[in-house]
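# Fold and contact review
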Amino acid sequence: MSTETVEKEKEPLFSKKNKALITDPLSDNNPITIQVLGICSALAVTVKMNNALVMSLSVLAVLILGNLVVSLMRNVIPGRIRIIVQLVVVASLVIIVDQVLKAYVYDVSKQLSVFVGLIITNCIIMGRLEAFALGNKPWPSILDGIGNGLGYGLLLVVIAFFKELFGSGTLMGIEIFGSNGAEPTGLYAIGYENDGLMLLPPSSLVIVGIYIWIQRSRKKHLIETH
Amino acid sequence: MAINKESNGYVIGFSIVMVVVVGAILAGVAMALQPAQKANVRNEKMQNILQATGMELDRDEASDKFKKHVSKRLILDYYGNVLEGSEMTSEDEIKDGNEKDAFNVDMLKEFKTIKNPKDRNYPLFVVDYKDKTYYVAPVQGQGLWAAVWGYIALEEDGVTIAGAVFDHKSETPGLGAEIAQKWFQEPFIGKKIAENGEYTGISVIKPGPQLDEHSVDGISGGTFTSVGVDEMIKRTMVVYFNYLSSSELTQN
């Protein structure tokens, strides 16, 4: 391992390289906008900010623990069955997360329904295990998990912000534009209507597209040239 | 140590150890969390039954309030006969697995496995709340994507709807999923499931035509879900109407 041979001194916990593990996935190497992984759940569970937050936390937890476990086992995992081992690790963690949600945040787990189970198929997780945790020590692996989990969560929350605001007129369940009940108040009183399309998956795709557009026009080096 | 990590023996051994360890962990977690999960499901059901009468309550307090307000619970067959031994009062504890307990009737399971509505069980909950008696009946049906269900509370006359709550498994957000919202549920209040002693049910119709006291507005764009709600109410409530219009419960 290159890191061990070059520096005999103990690396500080938050060296420049380790910090980059957290900050890179937030912008320059964002799992959703740059690597285009984990798109499916970003499209589906972003109708409400609450759901997006819990989904992000769940993925974050699975990613950190998955990275840690696989990194700890990296020297004993037989190469021939490493994908199977990763899958088993991820699947067990997801089941545990699902069970915990059902026991302690029942309402949210009902709304996330199948998507918690589908964290297993979230490409970000298998991608990070295979690309990073399998070849790195536990601590950098944890940081990598935090970074990518946050990068994923950031996008989810941004998407959910616009979808909930314009689709339901609320944020975290709080009415922003006034009440749209039998007697409309606020914006609804002067004829404003919620946009039903914003509640459906296609609108997330548009928002992700706009995000990528803004991101790349601000950081020219991210634009692919070929 | 000179273990060949790529040998078949190592791979098989590794797999066996991994499966056993993972299995033990998952089994342990499932067992540790099961009581909390079961309590959630149970409290939610109690909460829904009470909410149908217009009561506002949190899920945490559902268990206490259920015991306090549900004075009687029983199971009917399709023809309105009370299943023997199913009449229970708030004195009777709800025991898991007691099939004679109205609270334990699994409506979804019966809806899926018992094809003929005449062979299904029909639980009824008698709720005393604010000096009034309500009859709360569960309904179960099929929406566009998966199951829809609800609880309908009837006034003492056994005809007028005092309140209704609906929920769903995976209807389309913003369209069919709106059945779980207040604006859809509130118009049910005051509607009647019968006229002059003849059962009419409640029709969920497309928005537009004039509504009478047996119909409510459906959801534009949520047609299949609306149809599902319409169907489950019409199919189920007839049982309760027949029972309540002839039973001594409403006579005295």
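Below is a short write-up of the structure. Bear in mind that the values here come from a model prediction, so they are computed numbers and not experimental data.

### Comments concerning empty space enclosed by the protein
All names here are of chain B. Counted according to the given criterion, the structure contains one cavity of 30 Å³ or more. Empty space within the largest cavity amounts to approximately 70 Å³. As for the largest cavity, its lining consists of M107, E110, F111, R120, N121, Y122, Q140, R235 and T236. Only helix 3 (107-113) and helix 5 (223-246) provide two or more residues apiece to the lining of the largest cavity. Looking at the lining of the largest cavity element by element, the count peaks at three residues for helix 3. Among the residues forming the lining of the largest cavity, the class breakdown is three nonpolar, three polar and three charged.

### So, the packing of helix 9 (residues 138-168) of chain A against helix 10 (residues 201-218) of chain A
All names here are of chain A. Closest axis-to-axis distance for the helix 9/helix 10 pair is 10 Å, and the angle between their directions is 120 degrees. On the basis of their axis angle, the class for helix 9 and helix 10 is oblique. Relative to helix 10, helix 9 is oriented so that their crossing is right-handed. On helix 10, the residues touching L154, L155, V158, I159, F162 and K163 of helix 9 are P201, S203, S204, I207, V208 and Y211. A breakdown of the residues in the contact of helix 9 with helix 10 according to their chemical character gives nine nonpolar, two polar and one charged.

### Details of the nonpolar core
One finds M55, V62, L112, I119, I125 and L156 of chain A to be the most contacted residues of the largest nonpolar core, which totals 46 residues. Counting residues per element, the ones that place at least two in this core are helix 4 (49-72), helix 5 (82-104), helix 6 (106-112), helix 8 (123-131), helix 9 and helix 10 of chain A together with helix 1 (8-51) of chain B. Here this core gets eight residues from one element, more than from any other, and that element is helix 4 of chain A. With residues near it in sequence (within four places) discarded, L156 of chain A still touches I32, A42, V45, T46, A52, M55 and S56 of chain A.

### Re the packing of helix 2 (residues 16-23) of chain A against helix 9 of chain A
Relative orientation and spacing of two packed helices are given, respectively, by the angle between their axes and the distance between those axes. Residue and element names in this part refer to chain A. The N-to-C vectors of helix 2 and helix 9 enclose an angle of 30 degrees; their axes lie 6 Å apart at closest approach. It follows from the interaxial angle that helix 2 and helix 9 lie roughly parallel. Listed contacts from helix 9 to N18, L21 and I22 of helix 2 are W139, P140, L143, D144, I146 and G147. Tallied by class, the residues present in the contact of helix 2 with helix 9 amount to six nonpolar, two polar and one charged.

### Observations concerning the sheet that holds strand 5 (residues 147-154) of chain B
Residue and element names in this part refer to chain B. Here we have six strands laid out as an open sheet, ordered 2-1-3-4-5-6, and antiparallel in their pairing. Only two strands of the sheet have a single partner each, and these edge strands are strand 2 (88-89) and strand 6 (161-168). Taken together, the two bridges between strand 1 (residues 70-76) and strand 2 define a ladder with antiparallel strand orientation. Directly across from R73, in strand 2, lies its bridge partner M88. Docked against the sheet, helix 2 (residues 62-69) engages strand 1 and strand 3 (122-129), running at close to 80 degrees with respect to strand 1. Each of strand 1, strand 3, strand 4 (132-142), strand 5 and strand 6 is contacted by helix 5, which is oriented at about 135 degrees to strand 4, the strand it contacts most.

### With respect to the packing of aromatic side chains
The description of two aromatic rings rests on the distance between their centres and on the angle between their planes. Taken as a whole, this structure holds 15 aromatic pairs over all chains when the rule is applied. For the pair Y188 of chain A and Y192 of chain A, a centre-to-centre distance of 5.6 Å together with 55 degrees between the ring planes defines the contact as tilted. Judged by its relative accessible area of 6%, Y188 of chain A falls in the buried class. Summarising the aromatic geometry, the rings of F66 of chain B and F103 of chain B are spaced 5.3 Å apart at their centres and angled 65 degrees between planes, so their arrangement reads as edge-to-face.

### Describing helix 5 of chain A
Here helix 5 of chain A contains 23 residues, and its C-alpha end-to-end distance of 33 Å stays within 8% of the 33 Å for a straight helix at 1.5 Å per residue. Buried residues of helix 5 of chain A: V85, Q86, V89, V90, S92, L93, V94, V97, D98, Q99, L101 and A103 of chain A, and no others. For helix 5 of chain A, the elements touching its buried residues are helix 4, helix 6, helix 7 (114-117) and helix 8 of chain A together with helix 1 of chain B.

### Focus: the interface of chain A and chain B
Residue-level contacts link 23 residues of chain A with 25 residues of chain B. Here chain A and chain B share an interface that buries about 2,100 Å² over both sides, 63% of which is from carbon and sulfur atoms. At the boundary of chain A and chain B, one finds two salt bridges. Across the salt bridge formed by E6 of chain B and R80 of chain A, the nearest N and O atoms sit 3.8 Å from each other. Counting the contacts that link chain A with chain B gives nine residue pairs in polar contact (both at pLDDT 80 or more). Within the residue set of the side of chain A that touches chain B, elements represented by two or more residues are helix 5 and helix 6 of chain A. Top contributing element to the side of chain A that touches chain B by residue count: helix 5 of chain A, with ten residues. Its residues assigned to classes, the side of chain A that touches chain B shows 14 nonpolar, four polar and five charged.

Criteria and cut-off values
- Residues numbered from 1 in each chain as written.
- Chains lettered and ligands numbered in written order.
- Predicted model: local features only at pLDDT ≥ 70, side-chain atom pairs only at ≥ 80, totals over all residues.
- Heavy atoms only, no water.
- 1 Å grid on protein atoms, 1.4 Å probe; cavity = no way out; pocket = protein on both sides within 12 Å on 5 of 7 lines; lining within 4 Å.
- Points joined across faces, edges and corners; volume = space filled by probe spheres on them.
- Helix = DSSP H or I, 4+ residues; strand = E, 2+ residues; numbered from the N terminus.
- Nonpolar A, V, L, I, M, F, W, Y, C, P; charged D, E, K, R; others polar.
- Axes fitted to C-alpha atoms, helices over the stretch in contact; angles between N-to-C directions.
- Parallel < 35°, antiparallel > 145°, perpendicular 65-115°, else oblique.
- Left-handed = near helix turned anticlockwise from the far one by under 90°.
- Contact = heavy atoms within 4.5 Å.
- Core = buried A, V, L, I, M, F, W, Y, C linked by side-chain atoms within 4.5 Å.
- Buried < 20%, exposed > 50% of the residue type's maximum accessible area, 1.4 Å probe, protein only.
- Pairing = 2+ DSSP bridges.
- Phe/Tyr/Trp six-rings, centres within 6.5 Å; stacked < 30°, edge-to-face > 60°.
- Expected span 1.5 Å × (residues − 1).
- Buried area = accessible area lost by both parts, 1.4 Å probe.
- Salt bridge = Lys/Arg side-chain N within 4 Å of Asp/Glu carboxyl O.
- Polar contact = N/O pair within 3.5 Å; in protein donor to acceptor, adjacent residues only side chain to side chain.

Purely geometric stuff here, so don't read any function into it on its own.
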